[in-house]
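# Examining the three-dimensional arrangement
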Amino acid sequence: MYEKVFWTIPLLMLLSACSEKTSEQDVYDPARDYFTFANTDQFVTEDITLDLTVDFGTEQLHGRAMLAMRRLDANATEVILDTRDLSIDGAQLVLADGETREVGFRLGDDDEIMGTPLFLQLPDAAASAANFALNIEYTTSPDSTALQWLPPSLTAGGEHPLMFSQSQAIHARSWVPLQDTPAVRITYEATIRTPPELLAVMSANNDPLTPRGGEYHFEMPQPIPSYLMAIAVGNIFFAPLGEETGVYAEPELLDASVFEFADTQEMLEQAEEIFGPYEWGRYDLLVLPPSFPYGGMENPRLSFITPSLLAGDRSLVSVIAHELAHSWSGNLVTNATWRDQWLNEGMTSYLEARLMEVIYDKDRVDEERVLSYRELLLDLESVPADMQALAPRLDTGDPDDFQGTMHYSKGDLLLTYLENAFGRAEFDRFLGEYFAEFAFGTITSEGFLDYLEEHLLQVEGSSVGRTQVEQWLYESGIPEDAPVPESSTLHAAEALATEWASGEVDVSEIPATGWSPQATRHFINSLPAELAADRLAELDEGLGFSATRNAEIGRTWFIQVAERRYTPAYAQMEQFLNRFGRGRLIFPVYVALAENGTDLALAREMFGNARGAYHPLTEARIGRALDDADRK
Ligand code: BES
Ligand code: ZN
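Small disclaimer: the values here were computed from a predicted structure and weren't measured.

### Here we look at the coordination of the zinc ion (ligand 2)
Listed as protein donors to the zinc ion (ligand 2) are His 322 (NE2), His 326 (NE2) and Glu 345 (OE); their distances from the metal cover 1.9 to 2.1 Å. Between consecutive donor residues of the zinc ion (ligand 2), the sequence gaps follow H-x3-H-x18-E. Here Glu 345 lies in helix 5 (residues 341–359) and His 322 lies in helix 4 (residues 318–325), a separation of 23 residues in the sequence. Accessibility classification places His 322 together with Glu 345 in one group, the buried group.

Structure representation (C-alpha cells):
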C-alpha cells in the first residue's frame, strides 16, 4: 500500500505538471511576444554599451556589447538572449564593484525565423545581485539579416563602401546579442570604429559637426525598444534643413535631398503643436542608397530614407511626415508585441495625414487616402479573413510578413472614424493625453481599447462604444459605418480615364501636367481592363509614363504594363526594376509579371539580373513570390 502511494503521488504530480505545461502553451496570450527567446519575466536589460569595429573587408562587425541588467526573479540563474548568425567569442559577468567573472554560455538550436537563443549561466557571484552587467564579445556574420554591406558600385558616389542596418522587426539580434522584443526598453552608448575617411551615424545623438577620423561616440539617453537601434557608415555628409533638422547623404545626393525635404523643420514644429512635445532632441534624415528596403524607417533622431523619394517636386514627402510622426506613435508609445503593430503603423498613418493637411492641404490628404484605400480593398481580396482584424492572433510566421495596408490603412480609418465621431478638438485632447500617459512605454491593443473607453468613448452622448471598436480590432473586413475616403480631384482623373478610353477625349486634352502625381496614379489605376496596345502606346507617348521620374507613378504604371503585357514598355520596366530596391516599388511589378500567364520566366530573368543590387530581405521576399507563382 505504501509502495502504491509512493509511486502514485509523483506520477500524478508529473501528469499535472505536463498538462499544465501543454495548456500553458496552447492558450494564446495576446500580450506575449512570441518572437523572442529572451526570459524577460526574469531579467530585463536597461542599458547597452557597444564597442564595435566596422570591417568592410570581411563585412563584419566585431567587438562587444555590455548589457546592464535588472533582475526580476530572485531565483533565476540563466539569462537567455536573442541572436542570429552571431559568433560569440566570450562572455563575462561584471559586478557593481567592477569585478568580473567568466560566464559559461552556449548557443541553442537555430530557428529559421527567430534565430538562435544564447544561454548564459550566471556565476554564483550574481546569484543575489539585483543589478549586474553581462559583457559579450561577438562577431556578426556577413549574412547578418539586419546589415547590408554595399560595395562602392552600389552607392551614389561609386568610390566608398557603405553599410546600414534595418533592425525592425526582429533583426537587431543579428548585429547585437540582446533581448530583442519591443517590450523591453534600453538606453545605449556606442563607440564605433570605422575606416578614417568614413562617417558613422546612429539612432542616437549625432553631432552634425563631428570631425571624421574613424572613431565615433554615441549616446541614446531616451529608452528605446531594440528594433530602433540603428547604424550606418559611409561617405556621408550633413546639410542643415532647419534649426533642429538636417539631412545626411552621400555628397552626390545632398543638394537634391535638401531641396526635396525642405519642409522637414516645419513638419517638426507642426507636429509638436498637434501631438505634444518632441522628446528626442534633433530630428535628422539619412538618405540611403536605392537598396534600402523600405520607404523610410523611423530610427529615433535619424529616420532612414529611401532615395526613391527624390522626385524633384516634394511630391513623395508624406513618407517623411510618416517617419517623423513615429516619434510619437511607435517610438514614444510602442506596440507591446508585433501583433499590436497597427498601433504603430495605423496611428502613424493617421498622424501623417494630419501633418500633410497642415503643411500642404486637405486635397492632398484626400488623394493619398483614396489611393491607400484602393490598396486596402485590393488586399482584402487576398488577405485571409482572420488576418484582416487589426489585432489578430499572431504567434507563428515571420513578423516581417505581418505588415501591409491592413495596419496602415485600416488603422488610419479607425482613427479617422473616431475623429469624426468625437470631433477633432476632443480627439486631439485624447491623443495628447494618450502620448503623455504611455510615453516611453508600450501598449497592447487591449490596453489601448481600455484607455480609449475610459478617456474618449465615455464622452456624453457618444455614438461609438467599445463594441464598435472591438469590431475593428477583432473582425475581418471594414465595418459598415467606416468613413470612405473621397477626393474630388481624383474623381475628375477617374472620369477622364473613362472618357479617354471610350474615345470622347483625346490624349492631348488630358490636363496631366496640372495634375498631382497622385491624380496621375489614380488615372492609371482607373483605365479599363481592355485596352489595345496601340491605345496604351498613345497614352505613354502623350503622357510619358514610362519615362517618369516619380517612383510612385512608375510603380503604378509598370504594374499595369506587366499585368497587361504591354511589351513596348518592358525595357523601361526593367530599368525601373534595376533603379529601385525599395520593396514596395518593385515587388508588385515582379508579381504582376509572374502572374500574367506568360512572363514568369522573364520575371526570373530580370530578377536574376537585378537581385545583386537588392537588400537581402527584399531579394528573399521576391524570390519567394516567384517560387509561389511557379507553383500556381
Ligand atoms: N516602420 C515602418 C517600416 C517597417 C515596418 C519595417 C515593419 C519593418 C517592419 C516604416 O515606418 C514605414 O511604415 N514605412 C513605409 C512608409 C509609409 C509612408 C507607409 C514604407 O516603407 O513604405
Ligand atoms: Zn511606419
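### Re empty space enclosed by the protein
Scanning the model with the defined rule gives one cavity of 30 Å³ or more in all. Volume-wise, the largest cavity comes out at about 40 Å³. Its residues assigned to classes, the lining of the largest cavity comprises four nonpolar, three polar and no charged.

### A few points about the side chain of Asp 412
When you line up the elements, Asp 412 lands in helix 7 (residues 405–422). Those residues in contact with Asp 412, other than ones at most four positions away along the chain, are Gly 346, Ser 349, Tyr 350, Arg 369 and His 407.

### What to know about the environment of Pro 517
Mapped onto the fold, Pro 517 is located in helix 12 (residues 517–525). Note on Pro 517: relative accessible area 16%, which makes it buried. Taking the C-alpha atoms as reference points, Pro 517 and Glu 367, 150 residues apart in sequence, are found 9.7 Å from one another. If we ignore the near neighbours within four places in the chain, the residues touching Pro 517 are Asp 313, Ser 315, Asn 550 and Ile 553.

### Side note on the site of ligand 1
In the vicinity of ligand 1 there are 16 residues, among which Gln 168, Gly 295, Glu 298, Glu 323 and Tyr 408 approach most closely. Between ligand 1 and Gln 168 there is a distance of 2.8 Å, counted from a nitrogen atom to a side-chain nitrogen or oxygen. Between Tyr 408 and ligand 1, the recorded distance is 2.6 Å, taken from a side-chain N or O atom to an oxygen atom. Looking at the shell around ligand 1, the elements with two or more residues in it are strand 18 (296–297), helix 4 and helix 5. Broken down by element, the shell around ligand 1 gets its largest block of residues, three residues, from helix 4. A per-class count over the shell around ligand 1 returns four nonpolar, eight polar and four charged.

### Concerning the packing of helix 15 (residues 570–579) against helix 16 (residues 583–594)
Direction vectors running N to C along helix 15 and helix 16 enclose 140 degrees, while the axes themselves pass 10 Å from each other. Between helix 15 and helix 16, the angle falls in the class oblique. For helix 15 against helix 16, the interelement crossing comes out left-handed. On helix 16, the residues that touch Tyr 570, Met 573, Phe 576 and Leu 577 of helix 15 are Leu 585, Ile 586, Val 589, Tyr 590 and Leu 593.

### Some points on the pairing of strand 16 (residues 245–249)
The buried count for strand 16 comes to five of five residues, which makes it a mostly enclosed element. Residues of strand 16 alternate between two faces, with Thr 245, Val 247 and Ala 249 on one and Gly 246 and Tyr 248 on the opposite face, all of them buried. For strand 15 (residues 237–240) and strand 16, the ladder comprises four bridges, and the chain directions are antiparallel. In the sheet register, Pro 240 faces strand 16, and the bridge partner there is Gly 246. Once strand 15 ends, the chain turns through four residues before running back antiparallel as strand 16. Both strand 16 and strand 17 (residues 283–287) contribute to a ladder of four bridges, which runs parallel. Pairing of Thr 245 across the sheet is with Tyr 283, part of strand 17.

### Observations regarding the packing of aromatic side chains
Counted under the stated rule, the structure contains 31 aromatic pairs. Plain terms: the ring middles of Phe 56 and Trp 149 are 5.4 Å apart, the flat faces sit at 85 degrees to each other, and that makes the pair edge-to-face. Of this pair, Phe 56 sits in the loop between strand 1 (43–55) and strand 2 (60–71) while Trp 149 sits in strand 9 (residues 147–150); the two residues are 93 residues apart in sequence, bridging distant segments of the chain. For Trp 149, a relative accessible area of 8% puts it in the buried group. Arranged with centres 5.7 Å apart and planes meeting at 80 degrees, the rings of Tyr 590 and Phe 607 form a pair that is edge-to-face. Residue Tyr 590 is found in helix 16, and its partner Phe 607 is found in helix 17 (residues 600–610); the two are separated by 17 residues along the sequence. Of the two residues, Tyr 590 and Phe 607, both sit in the buried class. Across the ring face of Tyr 360, the terminal group of Arg 364 is positioned such that the distance to the ring centre comes to 4.3 Å. Above the plane of the ring of Trp 500 lies Arg 535, whose end atom (NZ or CZ) is 4.1 Å from the centre.

### Notes on the pattern of salt bridges
According to the stated counting rule, one finds 35 salt bridges in the structure shown. Glu 426 is the partner of Arg 429 in a salt bridge, and the nearest nitrogen-oxygen pair spans 2.6 Å. Of this pair, Arg 429 and Glu 426 both sit in helix 8 (residues 424–438), separated by three residues, roughly a single helical turn. Residue classification places Arg 429 among the partly exposed positions, given a relative accessible area of 29%. For Glu 552, the salt bridge identified is with Arg 521, shortest N-O distance 3.5 Å. Residue Glu 552 is found in helix 14 (residues 551–563), and its partner Arg 521 is found in helix 12; the two are separated by 31 residues along the sequence. The pair Glu 552 / Arg 521 is uniform in exposure class, with both members buried. Three or more residues are tied together by salt bridges with common partners; here these are Glu 375, Arg 521, Glu 552, Arg 555, Arg 582 and Arg 584.

### Focus: a negative patch on the surface
On the surface, Glu 59, Asp 85, Asp 109, Asp 110, Asp 111, Glu 112 and Asp 143 cluster together to form a negatively charged patch. Structurally, the position occupied by Glu 112 is in the loop between strand 6 (104–107) and strand 7 (116–121). Classification of Glu 112 as exposed rests on a relative accessible area of 79%.

### Description of the layout of surface pockets
Considered as a void within the structure, the second largest pocket measures approximately 320 Å³ in volume. The residue makeup of the lining of the second largest pocket, split by class, is five nonpolar, five polar and three charged.

### Describing the nonpolar core
Across soluble globular proteins, you tend to see nonpolar side chains buried next to one another. Among the nonpolar cores identified, the biggest contains 150 residues, and Leu 50, Trp 175, Leu 418 and Tyr 434 are the most heavily contacted of them. A total of nine residues in this core trace back to one element, the largest contributor, which is helix 5. Ignoring any residue separated from it by four or fewer positions in sequence, one finds Tyr 434 in contact with Val 333, Leu 343, Met 347, Ile 443, Phe 448 and Tyr 451. In terms of nonpolar packing, the next biggest core, distinct from the first, is built from 51 residues, Leu 371, Val 561, Phe 580 and Ala 610 among them.

### Structural notes on unusual backbone geometry
Cis geometry is adopted by the peptide bond preceding Ala 169, which originates at Gln 168 and carries an omega value of 5 degrees. Of note, Ala 169 is situated in the loop between strand 10 (162–165) and strand 11 (185–193). Of note, the phi angle at Phe 440 is positive, near 60 degrees, even though the residue is not glycine. In this structure, Phe 440 sits in the loop between helix 8 and strand 21 (441–443).

Basis of the calculations
Residues numbered from 1 in each chain as written. Chains lettered and ligands numbered in written order. Predicted model: local features only at pLDDT ≥ 70, side-chain atom pairs only at ≥ 80, totals over all residues. Heavy atoms only, no water. Donors = N, O, S within 2.8 Å, 3.2 Å for Na, K, Ca; no water. Helix = DSSP H or I, 4+ residues; strand = E, 2+ residues; numbered from the N terminus. Buried < 20%, exposed > 50% of the residue type's maximum accessible area, 1.4 Å probe, protein only. 1 Å grid on protein atoms, 1.4 Å probe; cavity = no way out; pocket = protein on both sides within 12 Å on 5 of 7 lines; lining within 4 Å. Points joined across faces, edges and corners; volume = space filled by probe spheres on them. Nonpolar A, V, L, I, M, F, W, Y, C, P; charged D, E, K, R; others polar. Contact = heavy atoms within 4.5 Å. Near = heavy atom within 4 Å. Polar contact = N/O pair within 3.5 Å; in protein donor to acceptor, adjacent residues only side chain to side chain. Axes fitted to C-alpha atoms, helices over the stretch in contact; angles between N-to-C directions. Parallel < 35°, antiparallel > 145°, perpendicular 65-115°, else oblique. Left-handed = near helix turned anticlockwise from the far one by under 90°. Pairing = 2+ DSSP bridges. Phe/Tyr/Trp six-rings, centres within 6.5 Å; stacked < 30°, edge-to-face > 60°. Lys NZ or Arg CZ within 6 Å of the ring centre and 35° of its normal. Salt bridge = Lys/Arg side-chain N within 4 Å of Asp/Glu carboxyl O. Patch = residues over 30% accessible without salt bridge, like charges linked within 9 Å, V, L, I, M, F, W, Y side chains within 5 Å. Areas by Shrake-Rupley, 256 points an atom, 1.4 Å probe, with all protein chains shown as cover. Lys, Arg positive; Asp, Glu negative; His and termini not counted. Charge placed at Lys NZ, Arg CZ, Asp CG, Glu CD. Core = buried A, V, L, I, M, F, W, Y, C linked by side-chain atoms within 4.5 Å.

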